[in-house]
Amino acid sequence: MDLTLDDVLDDAVQRLAKAARNRRCAMHTPVVGTADGDLRMMVLREASDDLATLRFHTDLRSPKAASIGDEALVSVLAYDPEARVQLRMRGRGRIEHSGPAADAAWSRTSPSSRRCYLAETGPGGALEAAGSAIPDGLSHRSPTIAETLPGRCNFAVLLIELRSLDWLRLDHAGGTRARFVRPDAGAPWQGQWIAP
Ligand SMILES: Cc1cc2nc3c(=O)[nH]c(=O)nc-3n(C[C@H](O)[C@H](O)[C@H](O)COP(=O)(O)O)c2cc1C
């Protein structure tokens, strides 16, 4: 049966949803790009059913949190080497430090994952010596829930409302590629086959 644009969109939705749940998926850690030209890997925490929103977690003190702020163009690149599928996405990113999304994400974050938000120096800050800046007593054990609470002020979510999605699958016949766009996160995706 011929591949349809709906099949392709569904593939992207399923692939990202699975990657958010499963740390063994290559797309679990896509590359996130900011308008200043910087790139970094981040753990994909959630991809909504219609691909309206991607959710990531980050440290409010990190340079990307400042450069994204309330709204900025953000790109996301993911590749699944087994399926040979590349996803290139763009959207409006925003950092939320307080409010329901950040509170819910923090409450679902395990103590061991919360530990990095306890670092005394934020990401990119200078250190006297090599190390994590996590307090000495916690660098080799998971903190208790109570011990993680001071880290909440450093925790934020990055929410990306996707506006474009480029799907490319490599194969021996030359590959297949489709692009989907929409003017805002509430509008339906408009798809188009394009040359790989
Ligand atoms: C596999 C992997 C996963 C990462 N996941 C995250 C993440 O979920 N959130 C995050 O803020 N940084 C994550 N990082 C660290 C970032 O790549 C980056 O070094 C850090 O966020 C520095 O902040 P900046 O991009 O604002 O300079 C991850 C790095 C690697 C290698």
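Shown above is the structure to which this text applies.
Residues numbered from 1 in each chain as written. Predicted model: local features only at pLDDT ≥ 70, side-chain atom pairs only at ≥ 80, totals over all residues. Heavy atoms only, no water.

Draft legend 1. Just the environment of leucine 77, in detail. Mapped onto the elements, leucine 77 comes out in strand S5 (residues 72-80). Here leucine 77 falls in the partly exposed class, since its relative accessible area comes to 39%. Here the alpha-carbon distance between leucine 77 and aspartate 184, two residues 107 residues apart in the chain, equals 20 Å. With residues near it in sequence (within four places) discarded, leucine 77 still touches Pro30, Val31, Gln86, Leu87 and Arg88. (Helix = DSSP H or I, 4+ residues; strand = E, 2+ residues; numbered from the N terminus. Buried < 20%, exposed > 50% of the residue type's maximum accessible area, 1.4 Å probe, protein only. Contact = heavy atoms within 4.5 Å.)

Draft legend 2. Examining the nonpolar core more closely. Core analysis: the largest hydrophobic core is formed by 35 residues, its most contacted members being Leu16, Leu51, Leu54, Phe56, Leu87, Met89 and Leu165. Contributing elements (two or more residues each) for this core: helix H1 (5-21), strand S3 (44-47), strand S4 (53-59), helix H2 (63-68), S5, strand S6 (85-96), strand S7 (155-169) and strand S8 (176-181). Tallying contributions element by element places H1 first for this core, with seven residues. Once residues lying within four places of it in the same chain are set aside, the contact partners of leucine 87 are Ala12, Leu16, Met27, Val76, Leu77, Ala78, Leu165, Asp166 and Trp167. (Core = buried A, V, L, I, M, F, W, Y, C linked by side-chain atoms within 4.5 Å.)

Draft legend 3. Main features of the pairing of strand S1 (residues 31-34). Relative to strand S2 (residues 39-41), S1 runs antiparallel, the two sharing three bridges. Directly across from valine 32, in S2, lies its bridge partner arginine 40. Counted between consecutive antiparallel strands, the loop separating S1 from S2 contains four residues, among which glycine 37 sits at a positive phi close to 95 degrees. As paired strands, S1 and S5 are joined by four bridges and run antiparallel to one another. Following the sheet pairing, valine 31 is matched in S5 by leucine 77. (Pairing = 2+ DSSP bridges.)

Draft legend 4. Region of interest: the site of the ligand. What surrounds the ligand is the set Thr29, Arg40, Met41, Met42, Val43, His57, Thr58, Ser62, Pro63 and Lys64. At 2.9 Å, a backbone N or O of valine 43 approaches an oxygen atom of the ligand. At 3.4 Å from an oxygen atom of the ligand is found a main-chain nitrogen or oxygen belonging to proline 63. Coverage of the ligand by the protein amounts to 61% of the 610 Å² it exposes when considered alone. For the shell around the ligand, the elements supplying multiple residues, two or more each, are S2, S4 and H2. Classifying every residue of the shell around the ligand gives four nonpolar, four polar and two charged. (Near = heavy atom within 4 Å. Polar contact = N/O pair within 3.5 Å; in protein donor to acceptor, adjacent residues only side chain to side chain. Areas by Shrake-Rupley, 256 points an atom, 1.4 Å probe, with all protein chains shown as cover. Nonpolar A, V, L, I, M, F, W, Y, C, P; charged D, E, K, R; others polar.)

Draft legend 5. Main features of helix H3 (residues 100-107). Within H3, the full set of buried residues consists of Ala102, Ala105 and Trp106. For H3, the buried positions fall inside an angular range of 100 degrees around the axis, keeping them on one side. Structural note: H3 exposes Pro100 and Ser107 on the side pointing more than 90 degrees away from its buried face. (Arc of directions from axis to C-beta.)

Draft legend 6. Molecular detail of the environment of leucine 9. Relative to the elements of secondary structure, leucine 9 occurs in helix H1. A relative accessible area of 17% means that leucine 9 is categorised as buried. The spacing of leucine 9 and aspartate 50 is 41 residues in sequence and 9.1 Å in space, taken between C-alpha atoms.

Draft legend 7. Summary view of the packing of aromatic side chains. For the structure shown, the criterion picks out three aromatic pairs. Measuring from centroid to centroid gives 6.3 Å for tryptophan 106 and tyrosine 117, while their planes differ by 70 degrees, and the two rings are edge-to-face. Taken together, the residues span a long stretch of sequence, with tryptophan 106 in helix H3 and tyrosine 117 in the loop between helix H4 (111-114) and helix H5 (145-148) at a distance of 11 residues. Tryptophan 106 sits in the buried class, given a relative accessible area of 7%. Consider the rings of tyrosine 117 and phenylalanine 155, whose centres lie 5.1 Å apart with planes at 85 degrees: the pair is edge-to-face. One end of the pair, tyrosine 117, is in the loop between H4 and H5; the other, phenylalanine 155, is in strand S7, and 38 residues separate them in sequence. For the pair tyrosine 117 and phenylalanine 155, one class covers both residues: buried. (Phe/Tyr/Trp six-rings, centres within 6.5 Å; stacked < 30°, edge-to-face > 60°.)

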